[in-house]
Amino acid sequence: MSLELGIYKGDSLDYVLADGYFRMGNDIFTTNEVFVGNYGKSVIYDPVFWLRVNLKKAKETATTKRIRKKCAGFSFIIQEANITEEIEALYALYLASVNFDGYPSCEACIPAINTAASVFDTYMIKIFDQDQLISVGFFDKGLKSLMSVLHFYHPDYKRYSLGKFLMLITKDFAQDAKMDFVYPGYFTIDGTKMDYKIFPQIEAIEVFLSKDKTWVPLENYSKLQLEDYYFKQVLGIDFDNLEEALN
């Protein structure tokens, strides 16, 4: 593997993804929490857990069939990634329509894309309504796994669930390539904004327990149990024992 060179392609990408890392710009990172805000003199963080889709367990459901049917009139292509003015314009429309912070541009999210300076093997999905580009998804390809990087769509097509359709196309690509896993990123314990990543069904999703360095079925853990794991195992804080000590 070329991991020591900071190049995340082929089995090197598989390795870092399985170890709980993810892409940020032209490098990788990991975290157990994200900043939420300040409350008085305190800083508030939200615990996060990394997810992956076990492709051997991913099945078609009533929901996936409904999404495919809604999008059946669209066409799509998968190709080596590049960023054009048309793609940046579509991303700008999408970013202006959502209520969360994102990268200011595609290039800011995916710098040095497929150039000599790139350390990832990046592909893109382009979805069209006839000749109009309506959605784009980027992913980095390893040997036995891939990582979803950025998905967006034209706000006028929100009712078609194009974000989920991109996830299905990504899954199909990985399965056709005989891969094992798709990594969509993390989800948060407080709030539901990232819960869309639990797709196509919870039975196919695994969650990373960072202290144990292991992946386990998400269906075996509630968010309350994961929060308990975060405080006890990651931070080393046992509120039950703390309460007994105070009493």
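Coordinates for the structure precede this section.
1. A closer look at the side chain of D46
Moving on, step 1. Looking at where D46 falls in the secondary structure, it is placed in strand β4 (residues 42–54).
Moving on, step 2. It is K223 that comes nearest to the buried, bridge-free D46 among opposite-charge side chains, at 7.4 Å.

2. Notes on the nonpolar core
Inside soluble globular proteins, nonpolar side chains tend to come together where they are buried.
Moving on, step 1. Formed by 70 residues in total, the largest nonpolar core has its most connected members in F49, I127, F138, F152 and L162.
Moving on, step 2. Tallying contributions element by element places helix α5 (residues 162–176) first for this core, with seven residues.
Moving on, step 3. Setting aside residues no more than four positions away along its own chain, F152 makes contact with I87, L90, Y91, Y94, C106, S135, V136, F138 and L166.

3. Overview of the state of the cysteines
Moving on, step 1. Under the defined criterion, the tally for this structure stands at zero disulfides.
Moving on, step 2. Residue C71 stays outside any disulfide, its sulfur separated by 20 Å from that of C106, the closest cysteine.
Moving on, step 3. Judged by relative accessible area, C71 falls into the buried class, the value being 1%.
Moving on, step 4. No disulfide involves C106; its sulfur sits 7.3 Å from that of C109, the nearest cysteine.

4. Quick notes on α5
Moving on, step 1. The end-to-end C-alpha distance of α5 is 21 Å, a good match for the 21 Å that 15 residues give at a rise of 1.5 Å each.
Moving on, step 2. All buried positions along α5 are accounted for by L162, F165, L166, M167, L168, I169, T170, K171 and A174.
Moving on, step 3. Looking at the buried positions of α5, the neighbouring elements they touch are α2 (62–70), β5 (75–80), β6 (122–129), β7 (132–141), β8 (145–153) and β9 (181–188).
Moving on, step 4. Note on α5: the residue one or two positions beyond its end, K178, has a positive phi of about 60°.

5. Section: the packing of α2 against α5
Moving on, step 1. In the contact formed by α2 and α5, the axes pass within 10 Å of each other and the chain directions differ by 105°. As far as their axial angle goes, α5 and α2 are roughly perpendicular. Residues T64, I67 and R68 of α2 touch α5, and the partners they reach there are K164, F165, L168, K171 and D172.
Moving on, step 2. Broken down by class, the residue content of the contact of α2 with α5 amounts to three nonpolar, one polar and four charged.

6. Description of the packing of aromatic side chains
Moving on, step 1. Taken as a whole and assessed by the stated rule, the structure comprises 21 aromatic pairs.
Moving on, step 2. Pairing Y157 with Y160 gives two aromatic rings, centres 5.8 Å apart and planes at 35°, and the pair type is tilted.
Moving on, step 3. The exposure class of Y157 is buried, given its relative accessible area of 12%.
Moving on, step 4. The class for Y160 is buried, based on a relative accessible area of 18%.
Moving on, step 5. Above the plane of the ring of F181 lies R52, whose end atom (NZ or CZ) is 3.6 Å from the centre.
Moving on, step 6. Over the aromatic face of Y186 sits the side chain of K197, whose NZ or CZ is 5.3 Å from the ring centroid.

7. A short note on the environment of I7
Moving on, step 1. Along the chain, the position of I7 falls in the segment before α1 (11–18).
Moving on, step 2. Taking the C-alpha atoms as reference points, I7 and D27, separated by 20 residues in sequence, lie 8.6 Å from one another.

8. Some remarks on the pattern of salt bridges
Moving on, step 1. Under the definition given, this model contains ten salt bridges.
Moving on, step 2. Linking R23 and D140 is a salt bridge whose minimum nitrogen-to-oxygen distance equals 2.9 Å. One end of the pair, R23, is in strand β1 (residues 22–24); the other, D140, is in strand β7, with 117 residues separating them in the sequence.
Moving on, step 3. By relative accessible area, R23 is classed as buried at 6%.
Moving on, step 4. Taking relative accessible area as the criterion, D140 reaches 0% and is therefore assigned buried.
Moving on, step 5. Measuring nitrogen to oxygen at the nearest pair gives 2.9 Å for the salt bridge that ties D180 to K56. Of the two residues, D180 is situated in the loop between α5 and β9 and K56 in the loop between β4 and α2; the sequence distance between them amounts to 124 residues.

What counts and what doesn't
- Residues numbered from 1 in each chain as written.
- Predicted model: local features only at pLDDT ≥ 70, side-chain atom pairs only at ≥ 80, totals over all residues.
- Heavy atoms only, no water.
- Helix = DSSP H or I, 4+ residues; strand = E, 2+ residues; numbered from the N terminus.
- Buried < 20%, exposed > 50% of the residue type's maximum accessible area, 1.4 Å probe, protein only.
- Lys, Arg positive; Asp, Glu negative; His and termini not counted.
- Salt bridge = Lys/Arg side-chain N within 4 Å of Asp/Glu carboxyl O.
- Core = buried A, V, L, I, M, F, W, Y, C linked by side-chain atoms within 4.5 Å.
- Contact = heavy atoms within 4.5 Å.
- Disulfide = S-S within 2.5 Å.
- Expected span 1.5 Å × (residues − 1).
- Axes fitted to C-alpha atoms, helices over the stretch in contact; angles between N-to-C directions.
- Parallel < 35°, antiparallel > 145°, perpendicular 65-115°, else oblique.
- Nonpolar A, V, L, I, M, F, W, Y, C, P; charged D, E, K, R; others polar.
- Phe/Tyr/Trp six-rings, centres within 6.5 Å; stacked < 30°, edge-to-face > 60°.
- Lys NZ or Arg CZ within 6 Å of the ring centre and 35° of its normal.

Geometric descriptors of this kind do not, in isolation, establish any biological role.
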